[in-house]
Amino acid sequence: MLRAQICSNRDLSFVMEAHDALSGLIAKRAGFKALWASGLSIASSLGYRDANEASWSELVDVVERIVDATELPVLVDGDGGFGNFNNARLLARKLCQRGAAGLALQDSCFPKMNSFVGDRHPLADIDEFCGRLRAVKDTVAEDLVLVARIEALIAGHGMDDAILRASAYAAAGADAILIHSRETTADEIFSFARAWHNCLPVVVVPTKYYRTPASAYRNAGISTVIWANHSVRAAIGAMQHVCGRIISEESVEGIEPHIATLEAVFELLGYDELARAEARYLQIR
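Since this is a predicted model, take the numbers as computed values, not measurements.

Visitor: Explain the sheet that holds strand β6 (residues 176-179) residue by residue, including any values.
Guide: Adjacent strands of a sheet form backbone hydrogen bonds with each other and so pair up, either parallel or antiparallel. Taken together, eight strands build a closed barrel; the order of strands is β1-β2-β3-β4-β5-β6-β7-β8 and the barrel is parallel. Looking at each pair of strands side by side, their axes are set apart by 30 degrees on average, direction ignored. Looking at chain direction, strand β7 (residues 202-204) and strand β8 (residues 224-227) are connected through two bridges and run parallel. Bridge pairing in β8 links V204 to V225.

Visitor: Just give me the short version of the packing of helix α2 (residues 21-30) against helix α4 (residues 56-70), but keep the residues and values in it.
Guide: Where α2 meets α4, the axes come as close as 8 Å, and the angle between the chain directions of the two elements is 35 degrees. Crossing geometry of α2 relative to α4 is assigned as right-handed. In contact with A21, G24, L25 and K28 of α2, α4 contributes R65, I66, A69 and T70. Split by residue class, the contact of α2 with α4 holds four nonpolar, two polar and two charged.

Visitor: Which residues make up the packing of helix α6 (residues 126-140) against helix α7 (residues 159-171), and what are the values?
Guide: Between α6 and α7, whose axes approach to 10 Å, the crossing angle comes to 35 degrees. With respect to the hand of their crossing, α6 and α7 are arranged in right-handed fashion. Contacts between α6 and α7 involve I126, F129, C130 and L133 on the former and, on the latter, D161, L164, R165, A168 and Y169. Broken down by class, the residue content of the contact of α6 with α7 amounts to seven nonpolar, no polar and two charged.

Visitor: Explain the side chain of R165 residue by residue, including any values.
Guide: Here R165 shows up in helix α7. Within the structure, the side chain of R165 is placed 2.8 Å from the side chain of Y169, a separation counted as a polar contact. Once residues lying within four places of it in the same chain are set aside, the contact partners of R165 are D107, L123, A124, I126, I150 and A152.

Visitor: Could you give an account of the environment of A54, naming the residues involved and the relevant values?
Guide: Take A54: it is sitting in the loop between α3 (39-45) and α4. Judged by its relative accessible area of 13%, A54 falls in the buried class. It is 9.8 Å that separates the C-alpha atoms of A54 and L40, two residues lying 14 residues apart in sequence. Not counting chain neighbours up to four residues away, the residues in contact with A54 comprise L46, Y48 and F82.

Visitor: Describe the pattern of salt bridges, listing the residues and the values that go with them.
Guide: Taken as a whole and judged by the stated rule, the model has 19 salt bridges. The closest approach of N and O atoms between R218 and D11, which form a salt bridge, is 3.5 Å. On the criterion of sequence distance, the pair formed by R218 in helix α9 (residues 214-219) and D11 in the loop between α1 (2-6) and β1 (13-18) is long-range, its members being 207 residues apart. The class of D11 is partly exposed, set by a relative accessible area of 47%.

Rules and cut-offs
- Residues numbered from 1 in each chain as written.
- Predicted model: local features only at pLDDT ≥ 70, side-chain atom pairs only at ≥ 80, totals over all residues.
- Heavy atoms only, no water.
- Pairing = 2+ DSSP bridges.
- Helix = DSSP H or I, 4+ residues; strand = E, 2+ residues; numbered from the N terminus.
- Axes fitted to C-alpha atoms, helices over the stretch in contact; angles between N-to-C directions.
- Left-handed = near helix turned anticlockwise from the far one by under 90°.
- Contact = heavy atoms within 4.5 Å.
- Nonpolar A, V, L, I, M, F, W, Y, C, P; charged D, E, K, R; others polar.
- Polar contact = N/O pair within 3.5 Å; in protein donor to acceptor, adjacent residues only side chain to side chain.
- Buried < 20%, exposed > 50% of the residue type's maximum accessible area, 1.4 Å probe, protein only.
- Salt bridge = Lys/Arg side-chain N within 4 Å of Asp/Glu carboxyl O.

Written out as C-alpha coordinates, the structure is:
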(Lines give C-alpha, C1' and ligand atoms only; values in the text may rest on other atoms or scores of the structure.)
Protein backbone atom coordinates (compact mmCIF):
# COMPACT_ATOMS: atom_id res chain seq x y z
CA MET A 1 0.00 0.00 0.00
CA LEU A 2 2.77 2.44 0.86
CA ARG A 3 4.73 1.60 -2.27
CA ALA A 4 1.66 2.24 -4.38
CA GLN A 5 1.24 5.67 -2.79
CA ILE A 6 4.84 6.86 -2.78
CA CYS A 7 6.29 5.17 -5.84
CA SER A 8 3.50 6.07 -8.22
CA ASN A 9 3.12 9.43 -9.95
CA ARG A 10 -0.52 8.82 -10.84
CA ASP A 11 -1.73 11.20 -8.15
CA LEU A 12 -0.41 13.20 -5.23
CA SER A 13 -0.41 11.26 -1.94
CA PHE A 14 -0.71 12.74 1.54
CA VAL A 15 0.89 11.16 4.60
CA MET A 16 -0.02 12.33 8.10
CA GLU A 17 2.19 12.47 11.17
CA ALA A 18 1.52 10.14 14.08
CA HIS A 19 3.46 10.05 17.33
CA ASP A 20 1.46 7.39 19.15
CA ALA A 21 -1.45 5.01 18.63
CA LEU A 22 -4.07 7.64 19.47
CA SER A 23 -2.81 10.22 16.96
CA GLY A 24 -2.62 7.44 14.37
CA LEU A 25 -6.24 6.47 15.01
CA ILE A 26 -7.34 10.09 14.68
CA ALA A 27 -5.50 10.45 11.37
CA LYS A 28 -7.07 7.24 10.11
CA ARG A 29 -10.52 8.43 11.13
CA ALA A 30 -9.90 11.68 9.22
CA GLY A 31 -9.26 9.69 6.04
CA PHE A 32 -5.48 9.43 5.71
CA LYS A 33 -4.25 6.24 4.05
CA ALA A 34 -0.67 6.29 5.37
CA LEU A 35 1.18 7.63 8.39
CA TRP A 36 4.54 9.25 9.09
CA ALA A 37 6.12 8.13 12.36
CA SER A 38 7.81 11.46 12.98
CA GLY A 39 11.12 11.55 14.83
CA LEU A 40 10.43 15.03 16.16
CA SER A 41 6.92 14.17 17.31
CA ILE A 42 7.79 10.84 18.88
CA ALA A 43 10.78 12.35 20.68
CA SER A 44 8.62 15.23 21.93
CA SER A 45 5.90 12.88 23.16
CA LEU A 46 8.56 10.97 25.12
CA GLY A 47 9.98 14.16 26.61
CA TYR A 48 13.14 14.17 24.48
CA ARG A 49 14.66 16.63 22.04
CA ASP A 50 14.88 15.72 18.36
CA ALA A 51 18.62 15.19 18.59
CA ASN A 52 18.83 11.38 18.75
CA GLU A 53 18.05 11.52 22.47
CA ALA A 54 15.34 8.91 22.00
CA SER A 55 16.85 5.50 21.24
CA TRP A 56 16.10 3.37 18.21
CA SER A 57 14.43 0.79 20.45
CA GLU A 58 12.08 3.43 21.87
CA LEU A 59 11.23 4.49 18.32
CA VAL A 60 10.53 0.91 17.28
CA ASP A 61 8.24 0.35 20.26
CA VAL A 62 6.15 3.40 19.38
CA VAL A 63 5.94 2.36 15.74
CA GLU A 64 4.63 -1.05 16.76
CA ARG A 65 1.81 0.57 18.73
CA ILE A 66 0.88 2.83 15.79
CA VAL A 67 0.85 -0.10 13.35
CA ASP A 68 -1.12 -2.31 15.71
CA ALA A 69 -3.75 0.33 16.44
CA THR A 70 -4.32 1.64 12.93
CA GLU A 71 -3.44 -1.15 10.48
CA LEU A 72 -2.26 1.63 8.14
CA PRO A 73 1.09 1.58 6.34
CA VAL A 74 3.63 3.55 8.40
CA LEU A 75 6.66 5.31 6.95
CA VAL A 76 9.18 5.70 9.76
CA ASP A 77 11.44 8.69 10.22
CA GLY A 78 14.64 6.81 11.01
CA ASP A 79 16.89 9.90 11.19
CA GLY A 80 20.30 8.79 9.91
CA GLY A 81 19.88 5.22 11.06
CA PHE A 82 21.29 5.83 14.56
CA GLY A 83 24.89 5.23 13.50
CA ASN A 84 26.67 3.51 10.64
CA PHE A 85 25.50 0.88 8.16
CA ASN A 86 25.24 -1.74 10.89
CA ASN A 87 22.93 0.36 13.07
CA ALA A 88 20.83 1.27 10.03
CA ARG A 89 20.30 -2.31 8.93
CA LEU A 90 19.48 -3.38 12.49
CA LEU A 91 16.88 -0.60 12.70
CA ALA A 92 15.40 -1.67 9.36
CA ARG A 93 15.19 -5.32 10.41
CA LYS A 94 13.49 -4.47 13.70
CA LEU A 95 11.03 -2.12 12.00
CA CYS A 96 10.16 -4.88 9.56
CA GLN A 97 9.47 -7.23 12.45
CA ARG A 98 7.17 -4.65 14.05
CA GLY A 99 5.12 -4.14 10.88
CA ALA A 100 6.44 -0.85 9.49
CA ALA A 101 5.96 -0.31 5.76
CA GLY A 102 8.79 2.10 5.02
CA LEU A 103 11.93 3.75 6.34
CA ALA A 104 13.25 7.23 5.60
CA LEU A 105 16.98 7.70 6.21
CA GLN A 106 18.59 11.13 6.09
CA ASP A 107 22.19 11.82 5.08
CA SER A 108 23.16 13.32 8.43
CA CYS A 109 25.90 12.48 10.90
CA PHE A 110 25.14 10.87 14.26
CA PRO A 111 23.86 12.37 16.47
CA LYS A 112 21.71 14.49 14.23
CA MET A 113 19.95 17.75 15.11
CA ASN A 114 16.46 18.71 13.96
CA SER A 115 16.66 20.36 10.55
CA PHE A 116 15.09 23.60 11.78
CA VAL A 117 17.34 24.09 14.83
CA GLY A 118 20.52 26.12 14.42
CA ASP A 119 22.84 26.24 11.44
CA ARG A 120 25.23 23.38 12.13
CA HIS A 121 24.07 20.42 10.10
CA PRO A 122 27.06 18.34 9.00
CA LEU A 123 26.27 15.92 6.20
CA ALA A 124 27.45 12.36 5.81
CA ASP A 125 29.98 11.49 3.14
CA ILE A 126 28.07 10.40 0.04
CA ASP A 127 29.77 7.03 -0.27
CA GLU A 128 29.35 6.29 3.43
CA PHE A 129 25.63 7.09 3.31
CA CYS A 130 25.22 4.98 0.18
CA GLY A 131 26.65 2.13 2.24
CA ARG A 132 23.89 2.65 4.80
CA LEU A 133 21.27 2.53 2.05
CA ARG A 134 22.72 -0.61 0.48
CA ALA A 135 22.91 -2.31 3.87
CA VAL A 136 19.22 -1.58 4.50
CA LYS A 137 18.24 -2.74 1.02
CA ASP A 138 20.23 -5.96 1.35
CA THR A 139 18.63 -6.62 4.75
CA VAL A 140 14.96 -5.96 4.03
CA ALA A 141 14.91 -6.15 0.22
CA GLU A 142 11.38 -5.20 -0.89
CA ASP A 143 9.79 -5.54 2.55
CA LEU A 144 10.30 -1.83 3.33
CA VAL A 145 9.97 1.19 1.07
CA LEU A 146 13.34 2.93 1.39
CA VAL A 147 13.23 6.73 1.17
CA ALA A 148 16.54 8.61 1.01
CA ARG A 149 16.20 12.02 2.63
CA ILE A 150 18.57 14.70 1.37
CA GLU A 151 19.61 17.47 3.77
CA ALA A 152 21.90 19.31 1.33
CA LEU A 153 19.60 22.35 1.04
CA ILE A 154 19.18 22.46 4.84
CA ALA A 155 22.96 22.44 5.27
CA GLY A 156 23.49 25.14 2.63
CA HIS A 157 25.33 22.88 0.17
CA GLY A 158 23.26 24.01 -2.78
CA MET A 159 21.31 22.42 -5.61
CA ASP A 160 24.22 20.77 -7.43
CA ASP A 161 25.13 18.79 -4.32
CA ALA A 162 21.47 17.85 -3.78
CA ILE A 163 21.21 16.43 -7.31
CA LEU A 164 24.57 14.66 -6.97
CA ARG A 165 23.39 13.02 -3.77
CA ALA A 166 20.02 12.07 -5.23
CA SER A 167 21.71 10.31 -8.14
CA ALA A 168 24.05 8.41 -5.84
CA TYR A 169 21.24 7.39 -3.50
CA ALA A 170 19.12 6.17 -6.39
CA ALA A 171 22.01 4.00 -7.55
CA ALA A 172 22.37 2.66 -3.98
CA GLY A 173 18.81 1.33 -4.02
CA ALA A 174 16.53 4.09 -2.70
CA ASP A 175 12.91 3.80 -3.82
CA ALA A 176 12.18 7.53 -3.49
CA ILE A 177 13.94 10.80 -2.69
CA LEU A 178 12.81 13.14 0.09
CA ILE A 179 14.16 16.62 -0.56
CA HIS A 180 14.05 18.86 2.50
CA SER A 181 14.06 22.66 2.75
CA ARG A 182 13.79 25.25 5.50
CA GLU A 183 12.76 28.07 3.15
CA THR A 184 9.33 29.69 3.54
CA THR A 185 8.54 29.20 -0.14
CA ALA A 186 8.79 26.02 -2.21
CA ASP A 187 10.95 27.59 -4.93
CA GLU A 188 14.05 25.46 -4.31
CA ILE A 189 11.90 22.34 -3.99
CA PHE A 190 10.44 22.95 -7.42
CA SER A 191 13.91 23.75 -8.79
CA PHE A 192 15.08 20.37 -7.52
CA ALA A 193 12.07 18.63 -9.08
CA ARG A 194 12.78 20.23 -12.46
CA ALA A 195 16.44 19.25 -12.36
CA TRP A 196 15.72 15.74 -11.10
CA HIS A 197 13.23 14.88 -13.87
CA ASN A 198 11.42 12.36 -11.63
CA CYS A 199 14.25 9.83 -11.92
CA LEU A 200 12.75 8.55 -8.66
CA PRO A 201 9.54 9.72 -6.96
CA VAL A 202 9.99 12.92 -4.95
CA VAL A 203 8.65 13.32 -1.41
CA VAL A 204 8.37 16.74 0.28
CA VAL A 205 7.75 18.02 3.81
CA PRO A 206 6.21 21.53 3.65
CA THR A 207 6.59 22.44 7.30
CA LYS A 208 8.02 25.88 6.50
CA TYR A 209 6.52 26.52 3.06
CA TYR A 210 3.02 25.63 4.24
CA ARG A 211 1.30 28.28 2.09
CA THR A 212 2.05 26.31 -1.09
CA PRO A 213 -1.19 24.86 -2.55
CA ALA A 214 -1.44 21.16 -3.34
CA SER A 215 -2.02 21.99 -6.99
CA ALA A 216 1.56 23.30 -7.22
CA TYR A 217 2.92 19.94 -6.06
CA ARG A 218 0.77 18.13 -8.59
CA ASN A 219 1.99 20.40 -11.38
CA ALA A 220 5.60 19.77 -10.34
CA GLY A 221 5.15 16.00 -10.43
CA ILE A 222 5.72 15.57 -6.70
CA SER A 223 4.73 12.10 -5.50
CA THR A 224 3.99 12.58 -1.80
CA VAL A 225 3.44 15.34 0.74
CA ILE A 226 4.15 14.58 4.40
CA TRP A 227 2.39 16.67 7.04
CA ALA A 228 5.20 15.93 9.44
CA ASN A 229 4.47 17.36 12.90
CA HIS A 230 1.03 18.91 12.94
CA SER A 231 -0.76 16.49 15.27
CA VAL A 232 1.78 16.84 18.05
CA ARG A 233 1.84 20.63 17.63
CA ALA A 234 -1.97 20.71 17.73
CA ALA A 235 -1.95 18.56 20.86
CA ILE A 236 0.62 20.79 22.57
CA GLY A 237 -1.41 23.92 21.80
CA ALA A 238 -4.68 22.39 22.97
CA MET A 239 -3.22 20.96 26.18
CA GLN A 240 -1.49 24.23 27.04
CA HIS A 241 -4.77 26.09 26.57
CA VAL A 242 -6.82 23.64 28.65
CA CYS A 243 -4.27 23.37 31.46
CA GLY A 244 -3.95 27.15 31.60
CA ARG A 245 -7.69 27.65 31.88
CA ILE A 246 -8.14 24.98 34.53
CA ILE A 247 -5.37 26.40 36.74
CA SER A 248 -6.66 29.95 36.40
CA GLU A 249 -10.39 29.21 36.71
CA GLU A 250 -10.06 26.38 39.25
CA SER A 251 -12.85 24.63 37.35
CA VAL A 252 -13.42 22.55 34.24
CA GLU A 253 -16.92 23.84 33.55
CA GLY A 254 -15.79 26.35 30.96
CA ILE A 255 -13.66 23.94 28.95
CA GLU A 256 -16.00 20.93 28.89
CA PRO A 257 -17.88 22.05 25.75
CA HIS A 258 -14.56 22.40 23.87
CA ILE A 259 -12.91 19.05 24.52
CA ALA A 260 -13.73 15.50 23.45
CA THR A 261 -16.41 13.80 25.48
CA LEU A 262 -15.68 10.55 27.26
CA GLU A 263 -18.16 8.94 24.87
CA ALA A 264 -16.01 10.12 21.95
CA VAL A 265 -12.94 8.57 23.57
CA PHE A 266 -14.75 5.26 24.08
CA GLU A 267 -16.03 5.28 20.50
CA LEU A 268 -12.59 6.04 19.01
CA LEU A 269 -10.94 3.20 20.94
CA GLY A 270 -13.66 0.67 20.11
CA TYR A 271 -15.19 -0.02 23.50
CA ASP A 272 -18.30 -1.28 21.72
CA GLU A 273 -16.27 -4.14 20.23
CA LEU A 274 -15.19 -5.16 23.73
CA ALA A 275 -18.83 -5.30 24.84
CA ARG A 276 -19.72 -7.51 21.88
CA ALA A 277 -16.73 -9.76 22.56
CA GLU A 278 -17.69 -10.10 26.22
CA ALA A 279 -21.19 -11.17 25.21
CA ARG A 280 -19.71 -13.81 22.94
CA TYR A 281 -16.80 -15.14 24.98
CA LEU A 282 -17.25 -14.20 28.65
CA GLN A 283 -19.94 -16.62 29.66
CA ILE A 284 -20.02 -16.34 33.44
CA ARG A 285 -22.55 -18.49 35.25
